[in-house]
Amino acid sequence: MTSFLITNIDYGLTGNREGDRLSGAIRVQDGRITDIGDLQPQEGERIVDASGCVVTPGLVNTHHHLFQSVLKAVPEGMNAPLDDWLMNVPYSYWPLIDEETLRISARIGLAELLLTGTTTVCDHHYVFSDRYDYDPANVLFEEAEALGIRFVLARGGGTKGRSFPDPSLPPSPSETLDAFLASIEQTASRWHDPSPTSSRRVAVAPTTPTFNLEAGDLPDIARFARSKGLRLHSHLSENRTYVDFTLAKYGKRPVHWLAEQEWLGPDVWFAHLVECDPDEVRLLAETGTGMAHCPQANARLGSGIAPADCLYQAGGHISLAVDGAGANEAADMGAALYSAFSLHRATKGVQAVRAETLLNWATEGGAKVLGFEEAGVLQPGMTADIAIFDISSPRNMGLHDPALAPVLTGAASLRHSFVGGRQIVRDGSIPGLDLAGLGADARRVTRQLMERRKDMLAPNRARAALA
Ligand SMILES: [Zn+2]
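Thresholds, definitions, all that
Residues numbered from 1 in each chain as written. Predicted model: local features only at pLDDT ≥ 70, side-chain atom pairs only at ≥ 80, totals over all residues. Heavy atoms only, no water. Core = buried A, V, L, I, M, F, W, Y, C linked by side-chain atoms within 4.5 Å. Buried < 20%, exposed > 50% of the residue type's maximum accessible area, 1.4 Å probe, protein only. Contact = heavy atoms within 4.5 Å. Domains from an automatic or database assignment. Buried area = accessible area lost by both parts, 1.4 Å probe. Salt bridge = Lys/Arg side-chain N within 4 Å of Asp/Glu carboxyl O. UniProt positions renumbered as here; feature names shortened; annotations may be inferred. Helix = DSSP H or I, 4+ residues; strand = E, 2+ residues; numbered from the N terminus. Pairing = 2+ DSSP bridges. Right-handed = clockwise from strand over helix to strand, strands pointing away. Expected span 1.5 Å × (residues − 1). Donors = N, O, S within 2.8 Å, 3.2 Å for Na, K, Ca; no water. Tetrahedral: all angles 85-135°; square planar, octahedral: opposite > 155°, others 65-115°.

Visitor: Help me out: how do you make sense of the nonpolar core in this one?
Guide: Note on soluble globular proteins: their nonpolar side chains tend to be buried together. By size, the foremost hydrophobic cluster in this structure holds 136 residues, and its most contacted members are Ile 221 and Trp 263. Look past the residues within four positions of Trp 263 in its chain and what remains in contact with it is Val 204, Pro 206, Leu 218, Ile 221, Ala 222, Leu 232, His 233, Ser 234, Leu 258, Val 268 and Phe 270. Core analysis: the next-biggest nonpolar cluster, separate from the first, contains 16 residues, Ile 6, Val 28, Val 48 and Leu 378 among them.

Visitor: Can you walk me through the domain arrangement of the chain in this structure?
Guide: You'll often see interface size given as the accessible area lost when the parts meet. Here the domain parsing of the chain yields domain 1 (4-57 + 378-425) and domain 2 (59-370). Between domain 1 and domain 2, the C-alpha centre-to-centre distance is 29 Å. With 29 residues of domain 1 at the contact, the number on the domain 2 side is 27 residues. The three residues of domain 1 that bury the most area against domain 2 are Arg 17, Val 407 and Ile 424, which together make up 29% of that side's buried surface. The salt bridge involving Asp 385 is made with Arg 150; its shortest N-O contact spans 2.8 Å.

Visitor: Even after reading the chapter, I still don't get the UniProt feature "domain: Amidohydrolase-related" (unreviewed entry) in the chain, so can you show me in this structure?
Guide: Cross-referencing UniProt, the feature "domain: Amidohydrolase-related" (unreviewed entry) maps to residues 54-396 in the present numbering. From the first C-alpha to the last, residues 54-396 spans 11 Å; its make-up is 42% helix and 15% strand.

Visitor: Honestly, the pairing of strand S10 (residues 200-204) in this entry has me stumped. Any pointers?
Guide: The side chains of a regular strand alternate between the sheet's two faces. In terms of residue burial, S10 counts as a mostly covered element, since 4 of its 5 residues are buried. Pairing between strand S9 (residues 150-155) and S10: 5 bridges, direction parallel. Each residue of the ladder has a partner; that of Arg 155, found in S10, is Val 204. In this region the chain leaves S9, passes through helix H6 (residues 177-191) and returns to the parallel neighbour S10; the handedness of that crossover is right-handed. Pairing of S10 with strand S11 (residues 231-236) involves 2 bridges; the strand directions are parallel. Pairing of Ala 203 across the sheet is with Arg 231, part of S11.

Visitor: Explain helix H7 (residues 217-228) to me, please; I cannot follow it from the model alone.
Guide: It helps to recall that an α-helix has 3.6 residues per turn; residues three or four apart then point in one direction. Counted at 1.5 Å a residue, the expected span for H7 with its 12 residues is 16 Å, and the 17 Å between its end C-alpha atoms agrees. Taken residue by residue, H7 has Asp 217, Leu 218, Pro 219, Ile 221, Ala 222, Phe 224 and Ala 225 as its buried positions. Next to the buried residues of H7 lie H6, S10, S11 and helix H9 (254-260).

Visitor: What should I look at first to understand the pattern of salt bridges in this one?
Guide: Pairing is possible between side chains that carry opposite charge, provided their charged atoms lie close to one another. Under the defined criterion, the tally for this structure stands at 30 salt bridges. In this structure, Lys 228 and Glu 185 form a salt bridge, with 2.9 Å as the shortest nitrogen-oxygen distance. One end of the pair, Lys 228, is in helix H7; the other, Glu 185, is in helix H6, and 43 residues separate them in sequence. Since its relative accessible area comes to 39%, Lys 228 is described here as partly exposed. The class of Glu 185 is partly exposed, set by a relative accessible area of 37%.

Visitor: Explain the coordination of the zinc ion here, please?
Guide: Ideal geometry at a metal gives 109.5 degrees between four tetrahedral donors and either 90 or 180 degrees between six octahedral ones. Listed as protein donors to the zinc ion are His 63 (NE2), His 65 (NE2), His 235 (NE2) and Asp 323 (OD); their distances from the metal cover 2.1 to 2.4 Å. Metal-centred angles of 85 to 175° between the 4 donor atoms at the zinc ion mark the site as irregular. By relative accessible area, His 63 is classed as buried at 0%. Taking the relative accessible area as the measure of exposure, Asp 323 reaches 5% and is therefore buried.

Laid out in structure tokens, this is it:
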């Protein structure tokens, strides 16, 4: 059932750059928006009543690490800056994540996203290893498909293992370049659908260009991706360490170095870009290279605030993202909207960003960055990815401009959402998902992980004591 009429819309935002409003009704036929405005129901048409709600495009999260949904509030990572956090959290736990743990972790993250209005997510999964007896890519696609969310797998990893001072840790997993590319090719041949309304895509996404690749691999990876019609993604300039690394090794700042490696363009987007100087911002804008702005994870890890507002004003492509829950326990797009709005204005003044601009980043901006040109804006002809937010809670009472509630209050709760006209959230719940059961599974696998980590440390501690 992908045809219906959303009626009684008093408050809505189209998601476009201008911040245009919408009201009345939205007609969806065969998964596509055909009309918006003062519309009357046709005979037999299914009605979705949006009275008292705010209607927006479904939110698009362009950078996540779903395996971290069972790595929230790890004590050794709570007060650690990025580099120590990486060692203490994802790189301490990745060898302990079995197939069931990844499955439940992904389900937790996807459920949170769905229930807060997200209809598209890109998961940057970067732990692929022959230590695993399962393929993480298959698990992630299967979990996303079961819940109906539009899903992009940014297939991470790299050719250089990153080592850490902790003797209990194996180096981060790495592959040869041939194995890395062959594995992506295999995943893409199974899952990648390039059609405009696709709900399954693959992107080529080494974990970082700096620490996870051998020098010289970058152009080969870019050419491989472009020859297959896959987009390119990675982490970049999340903190000062990235800048120091490329300055010391290549004599250039990261964005300038990547320009030489064929790694800029409208088919590339980077997570973070916190440490960018004005010249790098200009180059990103000129080349149409996208940003996945992760304000909460950057704040939680003390990395800073990315110049998303400057890149946007320069005509660049900005999207919003939550990043992994190991560095952002509130891994939902509603919280990200509110945080980004507050952080930019706190540091740069009230002119820095408008509420409508934030919604644009989280909708049209995200769809563009991921290459879904027919999603992200509510207008006739676009695919029907739609979120309907309930604003009946006390925090949302008394608003003079209720359309801004999903950004301004961070507390709009989702009533319904649709992906290509298919309903994926109904009356605030996910059809077919037993949330209480998921909670029990989450507690069990999280306890199990804590036990496994203790067991992993025990022999190393004994060795260290004897040395
Ligand atoms: Zn990340």
